[in-house]
Amino acid sequence: MSPAHPLAAPLLAGNRRALAKAITLVESHRPEHEREAQALLNELLPHAGRSLRVGLTGVPGVGKSTLIEALGMFLAEAGHKVAVLAVDPSSKRTGGSIMGDKTRMPQLTVHPNAFIRPSPSGGTLGGVARRTRETITLCEAAGYDVLLVETVGVGQSETQVAGMTDLFVLLTLHGAGDELQGIKRGIMEMSDLCVVNKADTDPRAAIRAQTELRSALTLLTPHDAPWRPAALRASAVTGEGIPELWAKIQEYAATVDLAAKRRAQTAVWFDDLLREAVWRAFLAGHDPARLRDLRAQVERGEKAAVAAVGEVMAHPTAQPT
């Protein structure tokens, strides 16, 4: 039996410093760190899975961070342990987070029942950090019973976050003329709750937006669906709608078979990791110079992309010795 990882015991005891170190370890791309991280995750896995995972998204300016802080403070004050995983866009120059969500949640940051981790997306598709799923496991093992996962909101991230959380919340704004302008059918279909944020700035417009969202959700939801998505109003400034939002989240958790949903998500996670591993193995077994040459031929229009890929697959070339 392998010895216990030195971070395991303090992390299970709720030590936030140990949790931060474990997340840093999991996010590392160094091979020795990846092996160490997997050993730690395997040790902590039996202690995970007992939280409620909530994904939140919305276009820039919708007020995601302020609403998350309001919801987080409401829950933390009620005795819940809240972890916020805010996935930031990455700076192409340094690789670090650009938006700095920790600085935009000043009250929640210092609350003893809260833990905030802004993680740079590292350029992964849609802005979801490569190891967000593993970070969820670590936070759950540390005793956090509510996880709020904020996405960048740039397009593809919504699908990824919906695939790793229990329910998905879409934040919208009112007063844009057509209240549904810019909200695509795909994001509406995967949303379990829609919230018209900043409702205090124009209450009448917020009510109109809520009514239109309700109509749209009714049309998009299958008649036999176990959960009927709801449209709410909220304001992080006044606190309006925050208790109602939490009540709806709890209602959802009591209605949907979360265990079955998580099993399906875990199977998809396995498939994703398998594809990643196969791709790495494929690149490791081919001459990078040959691949660069084929890519250059495709760029110059000398060879069709499909033909170039077929050539690679038909005549694999091992790495030069």
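Provided above is the structure to which this section pertains.
Residues numbered from 1 in each chain as written. Predicted model: local features only at pLDDT ≥ 70, side-chain atom pairs only at ≥ 80, totals over all residues. Heavy atoms only, no water.

Chemist: Hey, could you run me through the pattern of salt bridges in this one?
Modeler: Opposite charge on two side chains permits pairing when their charged atoms draw close. Evaluation of the coordinates by the stated rule reveals 13 salt bridges. Put simply, Lys303 and Glu311 hold a salt bridge, and the shortest N to O gap is 3.3 Å. On the accessibility criterion, Lys303 (24% relative accessible area) is partly exposed. A relative accessible area of 30% means that Glu311 is categorised as partly exposed. Beyond isolated ion pairs, a larger network of salt bridges with shared partners links Glu34, Arg131, Glu134, Glu276 and Arg280. (Salt bridge = Lys/Arg side-chain N within 4 Å of Asp/Glu carboxyl O. Buried < 20%, exposed > 50% of the residue type's maximum accessible area, 1.4 Å probe, protein only.)

Chemist: Looking at this structure, I do not really get the nonpolar core. What am I missing?
Modeler: Nonpolar side chains tend toward joint burial in soluble globular proteins. In this structure, Leu11, Leu19, Leu40, Leu138, Cys139 and Met188 are the most contacted members of the largest nonpolar core, which totals 40 residues. In terms of residue count, helix H2 (residues 16-27) provides more of this core than any other element does, six residues in total. In this structure, Cys139 is in contact with Leu19, Ile23, Ala83, Leu85, Phe115, Tyr144 and Leu147, ignoring residues within four places of it in sequence. (Core = buried A, V, L, I, M, F, W, Y, C linked by side-chain atoms within 4.5 Å. Helix = DSSP H or I, 4+ residues; strand = E, 2+ residues; numbered from the N terminus. Contact = heavy atoms within 4.5 Å.)

Chemist: For this particular structure, what's the right way to read H2?
Modeler: Given 3.6 residues per turn, any residue in an α-helix points the same way as the ones three and four places further on. In a regular helix each residue adds 1.5 Å, so twelve residues correspond to 16 Å; H2 covers 16 Å between its end C-alpha atoms and thus fits that length. Of all the positions in H2, only Ala18, Leu19, Ala22, Ile23, Leu25 and Val26 are classed as buried. In a view along the axis of H2, the buried residues occupy a sector of 160 degrees, so they form one face of it. Its side-chain oxygen placed 2.9 Å from the backbone nitrogen of Arg17, Asn15 serves as the N-cap of H2. (Expected span 1.5 Å × (residues − 1). Arc of directions from axis to C-beta. Polar contact = N/O pair within 3.5 Å; in protein donor to acceptor, adjacent residues only side chain to side chain.)

Chemist: Where do I start with the packing of aromatic side chains in this structure?
Modeler: Here the distance between the centres and the angle between the planes together describe a pair of aromatic rings. Counted according to the given criterion, the structure contains three aromatic pairs. When the centroid spacing of 5.3 Å and the interplanar angle of 85 degrees are considered together, the rings of Trp227 and Tyr252 count as edge-to-face. Of this pair, Trp227 sits in the loop between helix H9 (203-220) and strand E7 (230-233) while Tyr252 sits in helix H10 (residues 242-255), and the two are 25 residues apart along the sequence. The exposure classification of Trp227 matches that of Tyr252, with both residues buried. Seen in terms of ring centroids, Trp279 and Phe282 are 5.8 Å apart; in terms of plane orientation they differ by 15 degrees. Their pairing is stacked. With Trp279 and Phe282 both in helix H11 (residues 258-284) and three residues apart, the pair spans about one turn of that helix. (Phe/Tyr/Trp six-rings, centres within 6.5 Å; stacked < 30°, edge-to-face > 60°.)

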